[in-house]
Amino acid sequence: MNHAEAYILKQEEPFKTILLQLQSIIESVVPNAELLYKWKIPFYYNNGIPICFLNKSKDYVDLAFWHFEKLKKHTEYFIDANRKSIRSLRFKSVDDINDEVVVYVLQKQLEINTNPFKLILKPKRSKAK
């Protein structure tokens, strides 16, 4: 078991069930889903490109993603939480998960197929000699 799987399985209910349900949806939609543990949370990558991450907070689970400006449907479900480059879908119970919305977001992320970190992080300047 890797660290990301351990993160999911160690959560208390209902968060563990929410995370497991999201994991199931992600892995059924993302063809080459790779679950990695980055910055102490589970990240899903597809062919080396980050697609989304899962984060359990005090009383909810976030399914967070990038490229929200290219998402045209279901925008009323997106939470920005004062973040500049990330939006999320937030769940307090497994019943809050709307499969149609989650599948839409994941499919759009696959269509965009752009590494968000290359867009967010500024290139390092070389020192003048």
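For the structure itself, consult the block above.
The structure presented is a predicted model; accordingly, all values stated were derived computationally and were not measured. (Residues numbered from 1 in each chain as written. Predicted model: local features only at pLDDT ≥ 70, side-chain atom pairs only at ≥ 80, totals over all residues. Heavy atoms only, no water.)

Caption draft 1: Expanded view of the packing of aromatic side chains. Inspection of every chain in the model, using the stated rule, returns seven aromatic pairs. Joined through ring pairs, the aromatic side chains of Trp-39, Phe-43, Tyr-45, Phe-53 and Trp-66 make up one cluster. Sitting over the ring of Phe-15, Lys-56 keeps its end group 4.6 Å from the ring centre. In this structure, Arg-87 packs its charged tip against the face of Phe-68, placed 3.6 Å from the ring centre. (Phe/Tyr/Trp six-rings, centres within 6.5 Å; stacked < 30°, edge-to-face > 60°. Lys NZ or Arg CZ within 6 Å of the ring centre and 35° of its normal.)

Caption draft 2: View of a nonpolar patch on the surface. A contiguous nonpolar surface patch, about 310 Å² in accessible area, is contributed by Met-1, Leu-9 and Leu-20. As for its placement among the helices and strands, Leu-9 is situated in helix α1 (residues 3-9). Take Leu-9: its relative accessible area is 40%, and that puts it in the partly exposed class. (Patch = residues over 30% accessible without salt bridge, like charges linked within 9 Å, V, L, I, M, F, W, Y side chains within 5 Å. Areas by Shrake-Rupley, 256 points an atom, 1.4 Å probe, with all protein chains shown as cover. Salt bridge = Lys/Arg side-chain N within 4 Å of Asp/Glu carboxyl O. Helix = DSSP H or I, 4+ residues; strand = E, 2+ residues; numbered from the N terminus. Buried < 20%, exposed > 50% of the residue type's maximum accessible area, 1.4 Å probe, protein only.)

Caption draft 3: How the structure looks around the pattern of salt bridges. If you walk through the whole model with that rule in mind, you get three salt bridges. Notably, a salt bridge pairs Lys-92 with Asp-59, separated by 3.4 Å at the nearest N-O pair. With Lys-92 in the loop between β5 (87-91) and α3 (99-112) and Asp-59 in the loop between β3 (49-56) and β4 (61-65), this pair connects stretches of sequence that are 33 residues apart. Residue Lys-92 is classed as partly exposed on the basis of its relative accessible area of 46%. Residue Asp-59 is classed as partly exposed on the basis of its relative accessible area, which comes to 37%.

Caption draft 4: Spotlight on the sheet that holds β5. As summarised here, the arrangement of the five strands in space is β1-β2-β3-β4-β5, forming an open sheet in which the pairing is antiparallel. Both edges of this open sheet fall to β1 (33-38) and β5, since each of them pairs with a single strand only. Each adjacent strand pair in this sheet contributes to an overall mean axis angle of 25°, direction not counted. The sheet contacts of helix α2 (residues 15-29) involve β1, β2 (41-46), β3, β4 and β5, and relative to β4 the element is tilted by about 30°. (Pairing = 2+ DSSP bridges. Axes fitted to C-alpha atoms, helices over the stretch in contact; angles between N-to-C directions. Contact = heavy atoms within 4.5 Å.)

Caption draft 5: Fine view of α2. End to end, α2 covers 21 Å across 15 residues, agreeing with the expected 21 Å (1.5 Å per residue, within 8%). Listed as buried for α2 are Phe-15, Ile-18, Leu-19, Leu-22, Gln-23, Ile-25, Ile-26 and Val-29. Angular distribution of buried residues about the axis of α2 spans 170°; they occupy a single face of the element. (Expected span 1.5 Å × (residues − 1). Arc of directions from axis to C-beta.)

Caption draft 6: Representation of the side chain of Gln-23. Among the structural elements, Gln-23 can be located in helix α2. Residue Gln-23 is classed as buried on the basis of its relative accessible area, which comes to 13%. Look past the residues within four positions of Gln-23 in its chain and what remains in contact with it is Ile-8, Leu-35 and Tyr-44.

Caption draft 7: Up close: the nonpolar core. Counting 37 residues, the largest nonpolar core has Leu-22, Leu-63, Leu-89, Val-102 and Leu-106 as its most contacted members. Looking at this core, the elements that each hand over two or more residues are α1, α2, β2, β3, β4, β5 and α3. Broken down by element, the residue count for this core peaks at seven residues, all from α2. Residues contacting Leu-22, with those up to four places away along its chain left out, are Leu-54, Val-61, Leu-63, Phe-91, Ile-97 and Val-102. (Core = buried A, V, L, I, M, F, W, Y, C linked by side-chain atoms within 4.5 Å.)

Function cannot be read off these values alone, since they describe shape.
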